[in-house]
Amino acid sequence: MVYDLIIIGGGPAGYTAAERAGEAKKKVLLIEKASLGGVCLNEGCIPTKTLLYSAKLKNHAENAKKYGVDIEAASISLNHKKVMARKNKTVKKLIAGIKMRLDGFGVEMISATAEIRSKSNDGFEIAAGDTVYNGKNILVATGSSTVIIPIDGMSEAIDSGFAITSREALELGEIPEKLVVIGGGVIGLEMASYFQSAGSSVKVIEMLDKIAGATDNEIAEILKKECEKKGIEFVLGAKVTKVSQGEVSYTKENNEYSAECSKVLLSVGRRPNIGGLGLENIGVNTEKSILVDEFMKTNIDGVYAAGDVTGKSMLAHTAYRQAEAAVNNMLGIDDKINYSTIPSVIYTDPESASVGVTLNQALGDGLKAKEKTISMNYSGRYMAENEAGQGIAKIVYEEDTRVLLGVHLLGSYASEIIYGAGIMIEQGFTLDDIKRQVFPHPTVAEIIREAVFSIESEGEEP
Ligand code: NAI
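Residues numbered from 1 in each chain as written. Predicted model: local features only at pLDDT ≥ 70, side-chain atom pairs only at ≥ 80, totals over all residues. Heavy atoms only, no water.

## Quick word on the domain arrangement of the protein
Working step 1: Per the domain assignment, the segments making up the protein are domain 1 (2-146 + 271-339), domain 2 (154-268) and domain 3 (350-456).
Working step 2: For domain 1 and domain 3, the distance between their C-alpha centroids amounts to 31 Å.
Working step 3: Listed by partner, the interface residues are four residues for domain 1 and six residues for domain 3.
Working step 4: Taken over both partners, the interface formed by domain 1 and domain 3 buries close to 340 Å², and the fraction arising from carbon and sulfur atoms is 43%.
Working step 5: Area buried by domain 1 at its contact with domain 3 is led by Lys66, Tyr67 and Asn338, which between them contribute 91% of it.
Working step 6: Counting the contacts that link domain 1 with domain 3 gives zero salt bridges.
Working step 7: Between the two partners, domain 1 and domain 3, sit two residue pairs in polar contact (both at pLDDT 80 or more). (Domains from an automatic or database assignment. Contact = heavy atoms within 4.5 Å. Buried area = accessible area lost by both parts, 1.4 Å probe. Salt bridge = Lys/Arg side-chain N within 4 Å of Asp/Glu carboxyl O. Polar contact = N/O pair within 3.5 Å; in protein donor to acceptor, adjacent residues only side chain to side chain.)

So this is what it looks like as structure tokens:
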């Protein structure tokens with residue numbers, strides 16, 4: 001039997017591709033060595049969001065008095081064991097849902113480690129378990145793994161369980177009393193937020209002089225201050241030099257420091273999983289990732305890749321779209337991805353969301369761009385729900401054409417609003433097009449319209 005498509009990896013890219021190809025009545029085999037759902041469902045997006053929702057409820061309860069709700073502060077606490085149990089239940093339900101959908105589309109699933117062996121007249125040969133399977137097409141969707149920095153004591157610390165990655169952090173039975181987070185990017189900030197709310201004393205050590213990676217500088221700075229208000233400590237511009245039991249050593253401005261802690265979380269980025277797949281057996285081009293074109297095709301006809309393994313944008317929602325594009329192109333439907341309008345979100349409290357370019361990126365690209373920043377307090381809904389909120393909205397546009405280039409938000413609902421901004425950018429909206437849109441009132445989303453109208457009275461408040 002020759003499958004139309006063999007998929008290696010059952011994360012967001014793999015299971016989405018399986019669903020789409022199954023829906024198109026293709027004979028699909030999905031090979032996954034661990035759990036269906038990949039990092040996103042098992043040890044990433046969904047578990048963290050479940051934990052962070054409990055943290056947000058606790059933060060809201062602590063501030064409830066400001067909203068006229070009397071709760072005794074002494075009675076508010078986060079029960080980590082119950083939070084974890086709820087997280088496990090949520091993950092289990094979602095995985096069962098995916099499995100049901102795949103079954104419904106007739107996708108065959110096996111639990112094994114796959115290795116590509118060769119290409120023959122019967123298509124590609126892929127060994128998994130004791131069997132060799134043949135497929136006309138392959139989609140590699142093997143995801144990524146946490147980067148382990150090669151510093152003194154790190155491998156021993158990982159072996160002993162003193163240093164952990166987000167995977168282990170999401171399985172911790174106890175809250176560490178003192179947690180040092182190495183890396184103030186997306187994972188570092190989300191984990192720091194949860195563990196601080198759950199009772200850890202958290203210190204984030206970041207190599208750069210700002211947190212939150214490519215996030216707009218002003219938003220990153222306000223987010224840092226908001227996290228500091230909650231008790232998270234940041235050390236920026238620091239280089240971690242050594243990890244020993246109970247301690248992390250680092251240098252900053254040529255001085256040496258050490259931070260005592262009960263656990264160290266490593267969140268310094270992820271790298272594509274390309275090893276041990278047999279890609280070299282059929283000549284697939286790789287560098288640090290599998291190299292694909294805009295149609296998700298590798299250099300070998302019939303071999304596609306999608307998700308983190310491509311090293312592009314490394315987000316679950318990018319993986320979904322890449323998988324769909326790969327399957328469409330396999331089916332003969334031309335499908336390209338526009339990476340420039342993929343939103344990114346940091347689910348801290350307040351949350352940050354952005355799409356398109358920042359002003360610095362636009363100017364760096366040689367565009368004649370401008371930006372407008374307004375306080376989220378110009379949204380009635382935001383004011384109604386946020387006492388002393390520091391949220392801001394920022395829009396970046398091309399000065400002459402007035403085409404929207406970027407939207408950057410910090411504040412409640414930012415993650416839910418941002419896709420609308422992405423569509424506006426994708427569709428080439430100008431500021432005048434935005435003015436003609438009717439936004440529901442009162443919503444925080446209206447802040448985008450407010451920001452546009454405020455440009456006309458440049459320098460004045462709207
Ligand atoms: P990241 O690239 O977002 O952040 C890593 C941070 O570590 C950077 O700020 C970097 O400067 C810093 N760093 C690197 N080496 C360091 C060192 N030796 N010492 C101190 N700091 C150091 O990577 P992260 O947070 O691990 O996330 C990995 C991937 O997962 C990202 O692609 C991210 O987009 C994705 N992700 C997305 C989420 C979301 O969409 N909300 C949630 C979690 C992960």
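Okay, back to it.
## Description of the site of the ligand
Working step 1: Taken together, the neighbourhood of the ligand is formed by 20 residues, with Ile187, Glu190, Glu206, Gly269 and Val345 sitting nearest.
Working step 2: Between Glu190 and the ligand, the recorded distance is 3.0 Å, taken from a side-chain N or O atom to a nitrogen atom.
Working step 3: In the model, an oxygen atom of the ligand is placed 2.9 Å from a nitrogen or oxygen of the Gly269 main chain.
Working step 4: Relative to its unbound accessible area of 840 Å², the ligand is 79% covered by the protein chains.
Working step 5: Per-element accounting of the shell around the ligand gives the leading share, four residues, to helix α7 (residues 186-198).
Working step 6: Among the residues making up the shell around the ligand, the classes are represented as twelve nonpolar, five polar and three charged. (Near = heavy atom within 4 Å. Areas by Shrake-Rupley, 256 points an atom, 1.4 Å probe, with all protein chains shown as cover. Helix = DSSP H or I, 4+ residues; strand = E, 2+ residues; numbered from the N terminus. Nonpolar A, V, L, I, M, F, W, Y, C, P; charged D, E, K, R; others polar.)

## A short note on the sheet that holds strand β14 (residues 255-260)
The strands making up a sheet associate through hydrogen bonds between their backbones, and the pairing can be parallel or antiparallel.
Working step 1: Within the open sheet, the three strands sit side by side as β12-β13-β14. Their pairing is antiparallel. At either end of the open sheet lies a strand with only one pairing partner, and these are β12 (238-244) and β14. Between one strand axis and the next, the sheet turns by 25° as a mean value, whatever way the strands run.
Working step 2: Where strand β13 (residues 247-252) and β14 come together, six bridges link them in antiparallel fashion. Among the inter-strand pairings, Lys252 is bridged to a residue of β14, identified as Asn255. (Pairing = 2+ DSSP bridges. Axes fitted to C-alpha atoms, helices over the stretch in contact; angles between N-to-C directions.)

## Regarding the packing of helix α1 (residues 12-23) against helix α4 (residues 80-104)
Working step 1: Viewed as axis vectors pointing N to C, α1 and α4 meet at an angle of 30°, and their least axial separation amounts to 9 Å. Classified by the angle between their axes, α1 and α4 sit roughly parallel to one another. Read as a crossing pair, α1 and α4 show a hand that is left-handed. For the pair α1 and α4, the contacting residues are Tyr15, Ala18 and Glu19 in the first and Ile98, Arg101 and Leu102 in the second.
Working step 2: In terms of residue class, the contact of α1 with α4 is made up of four nonpolar, no polar and two charged. (Parallel < 35°, antiparallel > 145°, perpendicular 65-115°, else oblique. Left-handed = near helix turned anticlockwise from the far one by under 90°.)

## Regarding the pattern of salt bridges
Working step 1: Overall, the coordinates contain 26 salt bridges when judged by the stated rule.
Working step 2: Salt-bridge contacts for Glu218 lead to Lys394; the nearest nitrogen and oxygen are separated by 2.8 Å. Of the two residues, Glu218 is situated in helix α8 (residues 217-230) and Lys394 in strand β21 (residues 392-398); the sequence distance between them amounts to 176 residues.
Working step 3: Connected through salt bridges with shared partners, the residues Glu19, Arg20, Arg101, Arg321, Glu324 and Asp335 form a single ionic network.

## Looking at α8
Working step 1: Counted at 1.5 Å a residue, the expected span for α8 with its 14 residues is 20 Å, and the 20 Å between its end C-alpha atoms agrees.
Working step 2: Tucked inside the fold, the buried residues of α8 contact α7, β11 (233-235), β19 (352-356), β21 and β22 (404-410).
Working step 3: N-capping of α8 is provided by Asp216, with a side-chain oxygen placed 3.1 Å from the backbone N of Glu218.
Working step 4: In the stretch just after α8, Gly231 is the one whose phi turns positive, near 115°. (Expected span 1.5 Å × (residues − 1).)

## Quick word on the layout of surface pockets
Working step 1: One number sums up the size of the second largest pocket: a volume of about 1100 Å³.
Working step 2: Forming the boundary of the second largest pocket are 38 residues, of which Lys56, His60, Lys230, Asp349 and Pro350 lie nearest the centre.
Working step 3: When contributions to the lining of the second largest pocket are tallied by element, the ones reaching two or more residues are α3 (45-62), α7, α8, α11 (380-385) and α12 (414-426).
Working step 4: Broken down by element, the residue count for the lining of the second largest pocket peaks at eight residues, all from α3.
Working step 5: For the lining of the second largest pocket, the residue count by class is 13 nonpolar, 13 polar and twelve charged. (1 Å grid on protein atoms, 1.4 Å probe; cavity = no way out; pocket = protein on both sides within 12 Å on 5 of 7 lines; lining within 4 Å. Points joined across faces, edges and corners; volume = space filled by probe spheres on them.)

## Re the environment of Gly10
Working step 1: Along the chain, the position of Gly10 falls in the loop between β1 (2-8) and α1.
Working step 2: Taking the C-alpha atoms as reference, Gly10 lies 38 Å from Glu446; in sequence the two are 436 residues apart.
Working step 3: Those residues within four positions of Gly10 in sequence are excluded, and the remaining contacts are Tyr15, Leu30, Ile31, Glu32, Leu36, Gly37 and Gly38.

## Some words on the packing of aromatic side chains
Working step 1: Per the stated rule, a full pass over the model turns up four aromatic pairs.
Working step 2: Ring centres 5.2 Å apart and planes at 75° place the aromatic pair Tyr194 and Phe195 in the edge-to-face group. Here Tyr194 and Phe195 have matching classes, each one buried. (Phe/Tyr/Trp six-rings, centres within 6.5 Å; stacked < 30°, edge-to-face > 60°. Buried < 20%, exposed > 50% of the residue type's maximum accessible area, 1.4 Å probe, protein only.)

## Quick word on unusual backbone geometry
Working step 1: In this structure, the amide linkage connecting Asp349 to the following residue, Pro350, adopts the cis form with an omega of 10°.
Working step 2: With respect to the secondary-structure elements, Pro350 resides in the loop between β18 (344-346) and β19.
Working step 3: At the junction of His441 and Pro442, the peptide bond is cis and its omega measures out at -5° in the coordinates.
Working step 4: Checked against the element boundaries, Pro442 lands in the loop between α13 (431-435) and α14 (447-456).

## Section: the pairing of strand β6 (residues 131-140)
Working step 1: Within β6, seven of the ten residues are buried, leaving the element largely enclosed by the surrounding structure.
Working step 2: Of the strand pairs in this sheet, β1 and β6 are connected by six bridges, and their pairing is parallel. Directly across from Leu5, in β6, lies its bridge partner Asn137.
Working step 3: In this structure, strand β5 (residues 123-128) lies alongside β6, joined through five bridges in antiparallel fashion. In the sheet register, Ala128 faces β6, and the bridge partner there is Thr131.

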